[in-house]
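# An overview of the molecular structure
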Amino acid sequence: MSAPTHILALTWVTPLAGAILGASILAPLVALWFLKLRRKRRVISSTLLWSRSLADLRANTPFQRIRFSWLLLLQILAIVLIAVALAQPEAEGLGASGGRHVLLIDRSASMNAMETAEEDGTTIDPPIARLALAKEAAKTRVRELLGGGWFSKRASEVMIVAFGSRAEIRSPFTDNISTLESAIDAITPTDEATVLSEALELSRAFTSNLNVADARGEKNELPVGELPTIELYSDGRVSDLATLALREGEGIVYHRVGAADRNLAVVAVSADRPPEQQNRIQVFAALVNPRTEAASVTVQMAIDGTVRAVTPEKITIPAAAERDGQWVPGRAQVVFRPVEQPNNASIEVAIVEDDALRDDDAALVVVPPAKKLSVLLVSNGDAFLLRTVLEALPVERFATMTLGEFEAATAQGKPSGYDVVVFDGVAPAALAPGSYLAVGAVPPIDGLTQFGSHEGVYPRIAREEHPLFRAASIDELFVSKLVAVQASKNFEVVAECAEGPMILTLDRSDLHLVYLAFDPLDSNWPFQRSFVNFVANAVEHLGRAGESLTGRALTPGEAISMRLPAGARNGEVETPDGRKFACTIDPDGQLTWGPVQLAGLHRIRFTPAIGEGTELRLVAVNIANADEARIAPRAELALGTQTVQGISVGDSRRGALWPWVLALGLLIVLLEWWSYQRQVRV
Amino acid sequence: MSSAQPTLRKLDDLLDSRLMAKLDGIDVMSRKIFSGKLQGERRSRRRGQSVEFADFRPYVHGDDLRFVDWNIFGRLDRLFLKMFLEEEDLSLIIALDTSASMRSGSPDTFDYARRVAMALAYVGLVNQHRVSLVGFSQGRIERASNLRGRRKAADVAQWLLRQQPEGGSGFEEAMRLVGTARQGRGVMIVLSDFLFPEGFEKGLGMVAGRGFDLFALQVLAPQVVDPSREGGIHGDLVLVDAETGVETEVTVTPELIRLYRERLDRLCGAIRAYCTRRDIVHLVVESSTPVETLMLEYLRRRGLLR
């Protein structure tokens, strides 16, 4: 079995066969060439001068030189070409053949881009998905690595790893071509982000020497073997590229897949019911443009599959740009007018115009039915300020309690049915699961510690895009006395001053909290309109937070985790492509399923504890990834200090060169024959 | 370089009437004065009866008293005999190489040599010289001797047309036979390619020292002078020597052609040097040269004709 050799950027499948042929034929050819020569007899007046000239010719050269002849040259050329063809050269800039190869096949969202033209401009009709190109190239590579030539089979082993945000081994090391091809065919697309680190770790784990003897309890050390060649089939848009580095001696071949770069994406969508219009829904969306030219698009909003609004004018998304060495995509916001929708609904915002990657042209959000909140105010005093504000809100039920009443009710399993509990300057001994707005006093939650106070502070940074600050600017806020707190990383600081956090939020599955680290009466906020808006935003935010998935939509790769009524059973998840998967539900109603692979609406059905009917929950999954939206293939990969140049799969698909070489060789033979005939005719 | 069969069949083929008319006005010029056999139109070494005074010598018994210079006898009282140059005929010997090597090239070397021989013989005949033709090959000679007068031109032509090149030349032996023949001294013109395997020196030496006014006319085909010309030697060949049958395998290359031409130049140079040393006029002529040009220009310039 002769190993294929890598010479002159060509892969030679059977170099030995070509060398043997060349060596065994060339020398006899030169000898036979003289025998074959049919000299024409010609009578001349005298050979006297000729024989003397020949003697001169021989005398002048120490060795008899092979005289130049086009025929001989053509014959040698033909033999060399045929020998080269027999060695089966294959043009490709790949790593050495033979040995072990790990093929990492990217199946992230960007690999769903449809390719309509190759890099050289050749049209692909019908368009083909990038992943399909990658799979085809990988199969070709498998055949190259394992297929062998006419006279030998290659000594290679190949492993297949598919990866998106997670990596899976699709086939362990094997030299079985059909197994590997089946494994490649079975790779399905996902809408996940591209995370290469796990795939690299996985391949490293399987390519380190496995000490078989150890597995049997013996202690025989196996010698360190040859490191495998990692071959990556991807568009190079790897989210964790900056954290990756190759190990010493590790080699990677980057097969660059695809050429399309025309793509726009909806990266965020949110919906809201305006407080004063609870039967209506207002939808917000964010669009990105990863290209270097600005784009104009039409955006539509559909509720439960029916288009309800279209942007009256095209939305212009500015071009992406480099800022401080960082790539920043162009962004644009879209706000739709509120539409009547009292019931729960799935809302989809989509770009109408076609582009290479359709999967990220739409984003979904699920909103619950219109519901008026019930609010409880807990205070030991009059709480005039907050009570006045809360009473003005369009809530279904509003009540007040003292801290003692609240704790007594809590001890008895009450109060229940309140969507939001507001603590005005008081803190209970413990917080049960629920949604809370705490003002002043530090609530008893792990990770939130009071360590003093500050006086006379101004807010320095506020996350103004947070729902809490919608129409509630705190630019002119002055706080005369601030509770100094230290918060763990579970808390999100949405507003802070130079001395520390001013407003914090906590979003846990069972507990949602907004904490104001100051008493509004110790500030000038009550005199500003933004205070009323802030309280209304906080109640709205907290009141909806407990409801299923009104907050952040999932992204592919994450797991669905949902609390259903206790005793729920017969859980089933239907993915956007119509496939259904059974899932288990804990006795306390916790459902976990995943990771989700596809963007779109996931339908979760279950049978509640009481009754036989089926209930439905909707889960929106959006790609919502500006990095994945950037689908233009990366020319090279910088892995640590090493830069790996991409090889277009279009180039590697050109495959074997030997038929061309053989054809050229036969052409030379014809030319030689013609030349010989012409010479003999003279 | 061998040519097709010759096309010379009659006198006109050898010498057309137009050239014949031009040749009527020229004569063979010898650089030496020879004794003739018959009274001719040429000065002879022999003192004779012409009007051209040569010398005086003392009278001896038996001299013709008509040639005594009586004026000198009156002044010196001694008898002196006036000597006059005798006008005698000239012996013109044309030696034609009839070996197989002469049949080559285009135009054919042998045909060309025969046409030159015919023209020279004609000049000799019309000037009342004694013309002898000698064909030599394989060491043998064939003669046509002592032809004189314009009427013998037909005989000369017939003799020439009868000659066919064959065999080796045997130049030395042939020249020995010519040199020792009682042919009378005179002008000898050797028409040959001088491509003799055994060399030309001994052959020419046989006649060079025997009182002939010798002209060596080396006739070569253009393809012999330059084998790269059309009809020359190309490609991979087995060259067969027309005289000896020796075969030589050659693959003609520019380098070989260059060496061949060097060899030819060296051979011609050697012949010329040899001839100069022995007072022989050597002239190389290509068979493509018009006979008229050769006769009226080249040979006149070299002193053979006037």
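Here the structure is shown first, and the text comes after it.
The text that follows walks through the structure, step by step, so that each part is easy to find. (Residues numbered from 1 in each chain as written. Chains lettered and ligands numbered in written order. Predicted model: local features only at pLDDT ≥ 70, side-chain atom pairs only at ≥ 80, totals over all residues. Heavy atoms only, no water.)

### What to know about the overall build of chain A
Across its full length, chain A holds 13 helices and 41 strands. Look at the contacts in chain A between residues 6 or more apart in sequence, and 69% of them connect residues 24 or more apart. Of the roughly 32,500 Å² of accessible surface on chain A, 55% is carried by carbon and sulfur atoms. (Helix = DSSP H or I, 4+ residues; strand = E, 2+ residues; numbered from the N terminus. Contact = heavy atoms within 4.5 Å. Areas by Shrake-Rupley, 256 points an atom, 1.4 Å probe, with all protein chains shown as cover.)

### A word on the sheet that holds strand β40 (residues 636-639) of chain A
Two pairing modes exist for strands in a sheet, parallel and antiparallel, and in both the strands are linked by backbone hydrogen bonds. Residue and element names in this part refer to chain A. The mixed open sheet is built from seven strands, whose spatial order is β9-β8-β5-β10-β11-β41-β40. Of all strands in the sheet, those bounded by a partner on one side alone are β9 (167-174) and β40. Across the sheet, the axes of successive neighbouring strands diverge by a mean angle of 20°, strand direction being ignored. Sheet analysis places β40 next to strand β41 (residues 642-648), joined by four bridges and oriented antiparallel. Pairing of Leu639 across the sheet is with Gln642, part of β41. Each of β5 (99-106), β8 (156-163) and β9 is contacted by helix α5 (residues 177-185), which is oriented at about 170° to β9, the strand it contacts most. (Pairing = 2+ DSSP bridges. Axes fitted to C-alpha atoms, helices over the stretch in contact; angles between N-to-C directions.)

### Section: the packing of helix α4 (residues 109-126) of chain B against helix α5 (residues 153-162) of chain B
Residue and element names in this part refer to chain B. For the pair α4 and α5, the least separation of the axes is 10 Å and the interaxial angle reads 160°. The orientation of α4 with respect to α5, classified from their angle, is roughly antiparallel. Once α4 is placed against α5, the crossing between them reads as right-handed. Listed contacts from α5 to Arg114, Ala117, Met118, Ala121, Tyr122 and Leu125 of α4 are Ala153, Val156, Ala157, Leu160 and Leu161. (Parallel < 35°, antiparallel > 145°, perpendicular 65-115°, else oblique. Left-handed = near helix turned anticlockwise from the far one by under 90°.)

### Details of helix α9 (residues 403-411) of chain A
Residues and elements named next belong to chain A. Inspection of α9 places Leu403, Phe406 and Ala409 among the buried residues, and these make up the whole buried set. Projected onto a plane normal to the axis of α9, the buried residues spread over an arc of 130° and lie on a single side. Residues of α9 that are buried in the fold lie against β24 (374-379), β25 (397-401), β26 (420-424) and β27 (434-439). (Buried < 20%, exposed > 50% of the residue type's maximum accessible area, 1.4 Å probe, protein only. Arc of directions from axis to C-beta.)

### Some thoughts on the pairing of β27(A)
Residue and element names in this part refer to chain A. Of all six residues in β27, five are buried, a share of seventy percent or more. Here β26 runs beside β27; their pairing, made up of four bridges, is parallel. When the bridges of β27 are listed, Phe423 appears paired with Ala438. As defined by bridge partners, β27 adjoins strand β33 (residues 511-516) across six bridges and the pair is classed as parallel. Paired with Ser435 across the bridge in β33 is His512.

### Re the sheet that holds β26(A)
Residues and elements named next belong to chain A. The strand order β25-β24-β26-β27-β33-β32-β31-β29 describes an open sheet built from eight strands, whose pairing is mixed. Each end of this open sheet is capped by a strand with a single partner; those strands are β25 and β29 (459-462). Across the sheet, the mean angle separating the axes of adjacent strands is 15° when strand polarity is ignored. Both strand β31 (residues 492-497) and strand β32 (residues 500-507) contribute to a ladder of five bridges, which runs antiparallel. Bridge pairing links Glu492 to Thr505 in β32.

### Describing the environment of Trp70(A)
Tracing the chain through its elements places Trp70(A) in helix α3 (residues 70-86). Taking the C-alpha atoms as reference points, Trp70(A) and Ser675(A), 605 residues apart in sequence, are found 8.1 Å from one another.

### Comments concerning the packing of aromatic side chains
All names here are of chain A. On inspection of all chains with the given rule, the structure shows 15 aromatic pairs over all chains. Judged by centre distance (5.0 Å) and plane angle (50°), the ring pair of Tyr458 and Phe478 falls under tilted. Note that Tyr458 is positioned in the loop between β28 (448-457) and β29 and Phe478 in the loop between β29 and β30 (479-487), a separation of 20 residues in sequence. Through a chain of ring-to-ring contacts, three or more aromatic side chains come together here, namely Phe469, Phe518, Trp525, Phe531 and Phe534. Sitting above the plane of the Phe173 ring, Arg100 keeps its charged end 4.2 Å from the centroid. Residue placement shows Arg397 over the ring face of Tyr418; its charged tip is 4.3 Å from the ring centre. (Phe/Tyr/Trp six-rings, centres within 6.5 Å; stacked < 30°, edge-to-face > 60°. Lys NZ or Arg CZ within 6 Å of the ring centre and 35° of its normal.)

### Remarks on the interface of chain A and chain B
In this assembly, 22 residues from chain A lie in contact with 35 residues from chain B. Overall, the association of chain A and chain B removes approximately 3,000 Å² of surface from exposure, summing both partners, and the carbon and sulfur fraction of that is 62%. Our count for the contact surface shared by chain A and chain B stands at one salt bridge. Put simply, Glu247(B) and Arg41(A) hold a salt bridge, and the shortest N to O gap is 2.3 Å. Scanning the region where chain A abuts chain B turns up eight residue pairs in polar contact (both at pLDDT 80 or more). Elements supplying a minimum of two residues to the side of chain A that touches chain B: β3 (40-44) and α2 (48-60) of chain A. (Buried area = accessible area lost by both parts, 1.4 Å probe. Salt bridge = Lys/Arg side-chain N within 4 Å of Asp/Glu carboxyl O. Polar contact = N/O pair within 3.5 Å; in protein donor to acceptor, adjacent residues only side chain to side chain.)

### Overview of a nonpolar patch on the surface
All names here are of chain A. Nonpolar side chains collect at one region of the surface, where Leu664, Leu667 and Leu670 lie side by side and expose about 300 Å² of accessible area between them. For Leu664, the location among the structural elements is in helix α13 (residues 658-681). The class for Leu664 is partly exposed, based on a relative accessible area of 42%. (Patch = residues over 30% accessible without salt bridge, like charges linked within 9 Å, V, L, I, M, F, W, Y side chains within 5 Å.)

### Quick word on the environment of Leu468(A)
Residues and elements named next belong to chain A. Inspection of the secondary structure puts Leu468 in the loop between β29 and β30. The exposure class of Leu468 is buried, given its relative accessible area of 0%. Separated by 37 residues in sequence, Leu468 and Thr505 place their C-alpha atoms 9.8 Å apart. Apart from residues lying up to four places away in sequence, Leu468 is in contact with Val494, Thr505, Val514, Phe534, Asn537, Ala538 and His541.

### Thoughts on the pattern of salt bridges
In this structure the tally under the stated criterion is 39 salt bridges over all chains. Residue Glu115(A) pairs with Arg130(A) through a salt bridge whose shortest N-O separation is 2.7 Å. Residue Glu115(A) is found in strand β6 (residues 114-117), and its partner Arg130(A) is found in helix α4 (residues 130-147); the two are separated by 15 residues along the sequence. Just as Glu115(A) is buried, Arg130(A) falls in that class too. Of the charged contacts in the structure, one is a salt bridge between Glu142(B) and Arg162(B), with a shortest N-O distance of 3.9 Å. Here Glu142(B), found in strand β5 (residues 140-147), pairs with Arg162(B), found in helix α5; they are 20 residues apart in sequence, far enough to count as distant. Connected via shared salt-bridge partners are Arg107(A), Arg166(A), Glu168(A), Arg170(A) and Glu192(A).

### Focus on the side chain of Asp360(A)
Residue and element names in this part refer to chain A. As for its position among the elements, Asp360 is in the loop between β22 (345-351) and β23 (362-367). Of the side chains with opposite charge, Arg358 comes closest to the buried, unpaired Asp360, at an N-O distance of 7.7 Å. Within polar-contact distance, the side chain of Asp360 engages the side chain of Asn263 at 2.9 Å. Once residues within four sequence positions are removed from consideration, Asp360 is found in contact with Asn263, Leu264, Ala265, Val266, Ile623 and Ala629. (Lys, Arg positive; Asp, Glu negative; His and termini not counted.)

### Here's the deal with the nonpolar core
Core analysis: the largest hydrophobic core is formed by 62 residues, its most contacted members being Ile503(A) and Tyr515(A). In terms of residues, this core owes the most to one element, helix α10 (residues 529-545) of chain A, which gives seven residues. Leaving out residues up to four positions away in the same chain, Tyr515(A) has contacts with Ala438(A), Gly440(A), Ala441(A), Val442(A), Pro443(A), Leu448(A), Val483(A), Val485(A), Met502(A), Ile503(A) and Leu504(A). Counting 52 residues, the second-largest nonpolar core is a separate cluster that includes Ile26(B), Phe110(B), Leu125(B) and Val156(B). (Core = buried A, V, L, I, M, F, W, Y, C linked by side-chain atoms within 4.5 Å.)

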